[in-house]
Amino acid sequence: MAYGFEANGTSNRLIINDYTPILTQMFWGNITVNVLVPDNEEQATYGDNFPVSYGYCDVTYSLSVTSQVPPLVFAVPTQWVTTAGLGNFVHRGSPGAWTGFSIIVTRDVMCTEWWYMNDSVNWDTGWEYRVCGFGQAGDAGYDEYGMRIWGPTGAIIYDSAWPVVRFKGLLSAWAMQG
């Protein structure tokens with residue numbers, strides 16, 4: 001390498017250089033139900049304590065994600081057993097301005113348990129989310145110290161404002177069964 005930056009880890013594995021974007025974790029939090037979906041007929045019957053079969057978790061990022069591709073969003077269980085079902089994930093925003101995501105949450109995977117409005121808002125599902133992406137700049141008003149690396153095209157490759165995503169215990173081989 002004639003110029004630029006390069007950091008190698010143990011066994012001389014490349015960690016950061018000025019050509020390879022780094023996957024960083026930008027936002028994280030609990031997946032909680034914050035929007036319920038009432039059935040109008042059920043609500044007419046039960047009033048304010050009506051049953052629903054599912055709700056939404058709506059998440060808004062504190063900063064827009066400026067990448068052209070949407071960020072990667074991972075769901076991580078926080079309990080050793082969770083029965084909450086997650087589905088119909090949708091990014092909010094558009095290329096260059098991703099603002100959040102929405103996901104449907106059911107109380108149990110089989111959708112057999114009803115919720116009641118009065119005790120369901122802010123229900124913790126037992127899952128956390130991790131929003132990750134490449135080349136995202138941190139908040140300029142927040143970062144007083146740190147390091148940013150730009151690539152040859154002028155795009156941000158790395159910003160120390162965000163932790164680097166580390167994958168542990170990945171499968172080295174697998175075989176499809178059935």
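Just so we're clear, the structure is a prediction, and the values are computed from it rather than from any experiment.

**Q** When you look at the sheet that holds strand β7 (residues 72-77) in this model, what are you seeing that I'm missing?
**A** The strands making up a sheet are joined through hydrogen bonds of the backbone, oriented either antiparallel or parallel. Strand order in the open sheet formed by three strands is β3-β11-β7, with antiparallel pairing between adjacent strands. Strands with a single pairing partner mark the edges of an open sheet, and in this sheet they are β3 (23-33) and β7. Along the sheet, successive strands turn relative to each other by an average axial angle of 25°, direction set aside. Taken together, the nine bridges between β3 and strand β11 (residues 123-134) define a ladder with antiparallel strand orientation. Across the sheet, residue Asn30 finds its bridge partner in β11, namely Glu128.

**Q** Please clarify how the nonpolar core should be interpreted in this entry.
**A** One recurring pattern in soluble globular proteins: nonpolar side chains tend to sit buried together. Among the nonpolar cores identified, the biggest contains 17 residues, and Phe27, Ile31, Tyr61, Phe101, Val105 and Val131 are the most heavily contacted of them. Sorting the residues of this core by element identifies β3, β6 (54-65), β9 (97-106) and β11 as the ones contributing at least two each. Once residues within four sequence positions are removed from consideration, Ile31 is found in contact with Cys57, Ala75, Leu86, Ile103, Val105, Trp123, Asp124, Thr125, Trp127, Glu128 and Tyr129.

**Q** Would you take a moment to explain the pattern of salt bridges for this structure?
**A** Between side chains of opposite charge, a pair can form when the charged atoms approach closely. This model, assessed by the stated rule, comprises three salt bridges. The salt bridge involving Arg92 is made with Asp58; its shortest N-O contact spans 3.6 Å. Of this pair, Arg92 sits in strand β8 (residues 85-94) while Asp58 sits in strand β6, and the two are 34 residues apart along the sequence. Looking at Arg92, the relative accessible area reads 24%, which means it is partly exposed. You can call Asp58 partly exposed: its relative accessible area is 30%. Here Arg130 ties to Glu128 by a salt bridge, and the two come within 2.9 Å at their closest N and O atoms. Exposure remark for Glu128: the relative accessible area of 21% places this residue in the partly exposed category.

**Q** What am I meant to see in the packing of aromatic side chains here?
**A** Each aromatic ring pair is summarised here by two numbers: the centre-to-centre distance and the angle between the ring planes. This structure, assessed with the given rule, holds five aromatic pairs. Put simply, the rings of Phe27, Tyr61, Phe89, Phe101, Tyr129 and Trp162 pair up and form one aromatic cluster.

**Q** Got a minute to help me understand a nonpolar patch on the surface in this structure?
**A** Taken together, the side chains of Leu72, Phe74, Val76, Phe134 and Phe167 make up a nonpolar region of the molecular surface, amounting to roughly 430 Å² of accessible area. When you line up the elements, Val76 lands in strand β7. Judged by its relative accessible area of 31%, Val76 is partly exposed.

Conventions and cut-offs
Position numbers for residues start from 1 in each chain and track the written sequence from start to end. Reporting of local features is limited, given that this is a predicted model, to residues whose pLDDT is at least 70; pairs of side-chain atoms are given and counted only at 80 or more, and all residues count toward the totals for whole chains, interfaces and linings. Hydrogens and water are ignored here; the side-chain numbers use all heavy atoms of the structure. A pair of strands is treated as paired once DSSP finds two or more bridges between them. Secondary structure elements follow DSSP: runs of H or I no shorter than four residues count as helices, runs of E no shorter than two count as strands, and numbering proceeds from the N terminus. Helix axes use the C-alpha atoms of the stretch in contact, all axes being lines fitted to C-alpha atoms, and the angles between their N-to-C directions lie in the range 0 to 180 degrees. The set of buried Ala, Val, Leu, Ile, Met, Phe, Trp, Tyr and Cys residues whose side-chain atoms join them within 4.5 Å is what this entry labels a nonpolar core. Type-normalised accessible area, obtained with a 1.4 Å probe on protein chains alone, sets the label of each residue: buried when under 20%, exposed when over 50%, and partly exposed for intermediate values. Contacts were defined at the residue level, with two residues in contact if any of their heavy atoms lie within 4.5 Å. In the sections that follow, a salt bridge refers to a side-chain nitrogen of Lys or Arg positioned within 4 Å of a carboxyl oxygen of Asp or Glu. Between the rings of Phe, Tyr and Trp (Trp by its six-membered ring), a pair exists once the centres lie within 6.5 Å; its type follows the angle of the planes, with under 30 degrees stacked, over 60 edge-to-face, and the other angles tilted. Each patch is built from residues that are more than 30% exposed by relative accessible area and take part in no salt bridge. Like charges join if they lie within 9 Å; nonpolar side chains (Val, Leu, Ile, Met, Phe, Trp, Tyr) join within 5 Å. Only the protein chains shown count as cover for residues, and all accessible areas are computed by the Shrake-Rupley method using a 1.4 Å probe.

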